[in-house]
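Each chain is listed here by its residues.
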Amino acid sequence: MPTPSVTAEPKRLELVCPAGSLPALRAAVDEGADCVYLGLRDATNARNFAGLNFDEKAIADGIRHAHGRGCKVLMAVNTYPAPGDPGRWRAAIDTAAALGIDAVILADPGLMQYAARRHPGLRLHLSVQGSATNHEAINLYHEQFGIQRAVLPRVLSLEQVRQVIDHTPVEIEVFGFGSLCVMVEGRCALSSYATGESPNMHGVCSPAKSVRWEEKPTGLEARLGGVLIDRYGSGEKAGYPTLCKGRFDVADEKAYYAVEEPTSLNALELLPQLLKIGVRAVKIEGRQRSAAYVAQVTRVWREAIDHALALSHRYTVNTRWMVELDQLAEGQQHTLGAYHRPWK
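I will try to describe carefully the structure that is included in this document. (Residues numbered from 1 in each chain as written. Predicted model: local features only at pLDDT ≥ 70, side-chain atom pairs only at ≥ 80, totals over all residues. Heavy atoms only, no water.)

Some details on the side chain of Asn266
As a reminder of what qualifies: To qualify as a helix, a DSSP run of H or I must reach at least 4 residues; to qualify as a strand, a run of E must reach at least 2; elements of each kind are numbered from the N terminus. Each residue's exposure class comes from its accessible area (1.4 Å probe, protein chains only) as a fraction of the maximum for that residue type: buried when under 20%, exposed when over 50%, partly exposed otherwise. Side-chain atoms alone can form a polar contact between residues adjacent in sequence; in general such a contact is a pair of N or O atoms within 3.5 Å, and within protein one must be able to donate a hydrogen while the other accepts it. Throughout, a residue-residue contact means that at least one pair of heavy atoms, one from each residue, lies within 4.5 Å.
With respect to the helices, strands and loops of the structure, Asn266 is situated in strand S11 (residues 264–266). Judged by relative accessible area, which is 3%, Asn266 ranks as buried. Reaching out from Asn266, the side chain makes a polar contact with the backbone nitrogen of Leu268 at a distance of 3.2 Å. If sequence neighbours within four positions are ignored, Asn266 has contacts with Gly176, Phe177, Trp301, Met322, Leu325, His334, Thr335 and Leu336.

Given below as structure tokens:
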């Protein structure tokens, strides 16, 4: 069984930030991100929204800006190709290698095999969409395809994250801030029932073509694939409709968030523990968000990580950081998610 390598000093905790557009990439880099991650404008990445993502020219521009400031650029090719039709996904990997991307984030083992054989010098990361929640799975990807980093799903407690780190040589990246999901990433098929399209293959939970907004006497209704998933009163803020965060009538109960409330993960207070157990990188979710959002979250997390590294056990969360992040959180509320649950 592989064991972690031992070094004289702890490695720097990398801040990995989202880039859904070139302005967002530049914002993240300029505010202190160590890495930015992006995707192409097609179904090869799991944030396949209209108006987002990159063509080859924009990627090249982004790489120049990032590398000129010591920041790495990662490309997400993290959806699953249709059986027998991997051409577009393989082409995305070829593009990443040709443009000088620092690492490709993959979920599909067939694509990992292709990348390892075709581009042996290309660094590979295991996407959260790969759903690896234990060290045995991660070590298998490492042994078979040379995976060097794995992004853990947001369903593990902090103790479970530690156990994974203790039993693998692979670098571990965890989510620190952004939208939560009650499903294990890469295994959710919930929206497929309403839209007929798998988010794991088409790159989006709620395709724009399946979303409908209708003003009714009872309020603004949100529908996904014809299914009513929420109704908003006058002046109530409406979020982008997803089935898991809809409000439903259940039995005789008044409509409520039956599956998941809109809230954001915020692990700022856990930074000392993340450093202690050997987490290699903290990821910020939000490629679908604005450049202003990316700039503000990156700025706060850069300052917090630097404080945690400098102050060690004397680190405390600055109230100003929490106020700034609460303004950006879903439902303007945050949680430690599974990291802090009492059960395993």
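On we go.
Quick notes on helix H2 (residues 56–67)
Definition in use: By this rule, a helix spans an expected 1.5 Å times one less than how many residues it contains.
In this model, H2 (12 residues) spans 16 Å end to end at C-alpha, consistent with the 16 Å of a helix rising 1.5 Å per residue. By the burial criterion, the buried members of H2 are Ala58, Ile59, Asp61, Gly62, Ile63, His65 and Ala66. Tucked inside the fold, the buried residues of H2 contact helix H1 (22–30), strand S2 (35–38), strand S3 (72–77) and helix H3 (87–99).

Thoughts on the packing of aromatic side chains
Two descriptors summarise a pair of aromatic rings, namely the distance from one centre to the other and the angle between the planes of the rings. The cut-off we apply is this: Aromatic pairing here means that ring centres of Phe, Tyr or Trp (its six-membered ring) are within 6.5 Å. Orientation follows from the plane angle: under 30 degrees is stacked, over 60 is edge-to-face, and everything else is tilted. For a lysine, the NZ atom is tested; for an arginine, the CZ atom; a charge sits over a ring if that atom is within 6 Å of the ring centre and within 35 degrees of the ring normal.
Counting across every chain of the model gives 3 aromatic pairs. Ring plane angle 35° and centroid distance 6.4 Å describe the contact between Tyr141 and Phe145, whose orientation is recorded as tilted. Of this pair, Tyr141 and Phe145 both sit in helix H5 (residues 135–145), separated by 4 residues, roughly a single helical turn. Looking at Arg154, its charged tip hangs above the ring of Phe175, at a distance of 3.9 Å from the centre. Lying over the aromatic face of Tyr37, Lys283 brings its terminal NZ or CZ to 4.3 Å of the ring centre.

With respect to the pattern of salt bridges
What counts here: Salt bridge, as applied in this entry: a Lys or Arg side-chain nitrogen positioned within 4 Å of an Asp or Glu carboxyl oxygen.
Across all of its chains, the model carries 27 salt bridges by this definition. The shortest N-O distance in the salt bridge between Asp30 and Arg69 comes to 3.6 Å. Residue Asp30 is found in helix H1, and its partner Arg69 is found in the loop between H2 and S3; the two are separated by 39 residues along the sequence. For Asp30, a relative accessible area of 48% puts it in the partly exposed group. The partner of Lys57 in a salt bridge is Asp61, and the shortest N-O contact between them spans 3.0 Å. With a gap of 4 residues between them, Lys57 and Asp61 both fall in helix H2, about one helical turn apart.

So, the side chain of Arg154
By secondary structure assignment, the location of Arg154 is in the loop between strand S6 (149–151) and helix H6 (158–166). A distance of 2.7 Å separates a polar side-chain atom of Arg154 from the backbone oxygen of Ser179. Residue contacts for Arg154: discarding those within four places in its chain leaves Phe175, Ser179, Leu180, Glu185, Leu265, Glu285 and Ala338.

Regarding the pairing of strand S10 (residues 227–232)
For clarity, the cut-off: The rule for pairing is simple: two strands pair if DSSP sees at least two bridges between them.
Judged from the 5 bridges that link them, strand S9 (residues 219–224) and S10 form a sheet pairing that is antiparallel. For Leu220, the partnering residue across the bridge sits in S10 and is Tyr232.

A look at the nonpolar core
This is how it is decided: What makes a nonpolar core is a set of buried Ala, Val, Leu, Ile, Met, Phe, Trp, Tyr and Cys residues whose side-chain atoms join them at distances within 4.5 Å.
Formed by 83 residues in total, the largest nonpolar core has its most connected members in Leu268, Leu271 and Trp301. With 8 residues, the top contributor of residues to this core is helix H10 (residues 291–311).

Remarks on the sheet that holds strand S8 (residues 211–216)
For the record, the criterion: In this description, a line fitted to the C-alpha atoms serves as the axis of each element, helices being fitted only across the stretch in contact, and the angle between N-to-C directions of two axes falls anywhere from 0 to 180 degrees.
One open sheet holds the 3 strands; their spatial order is S8-S9-S10, and the pairing between them is antiparallel. Taken across any chain shown, the strands that pair with only one partner, and hence form the sheet edges, are S8 and S10. Put simply, the sheet's adjacent strands are angled 25° from each other on average, direction ignored.

So, the environment of Ala115
Among the secondary structure elements, Ala115 is positioned in helix H4 (residues 109–118). As for Ala115 and Gln160, which are separated by 45 residues in sequence, their C-alpha atoms are 30 Å apart. Each residue touching Ala115, except ones within four places of it in the same chain, is listed here: Ile93, Leu106, Pro120 and Leu124.

Brief notes about the environment of Pro199
Inspection of the secondary structure assignment puts Pro199 in helix H8 (residues 199–202). Measuring from C-alpha to C-alpha, the distance between Pro199 and Ala43 comes to 9.5 Å, with 156 residues separating the pair along the chain. In contact with Pro199, not counting residues within four places along its chain, are Thr79, Cys188, Ser191, Ser192, Val204 and Cys205.

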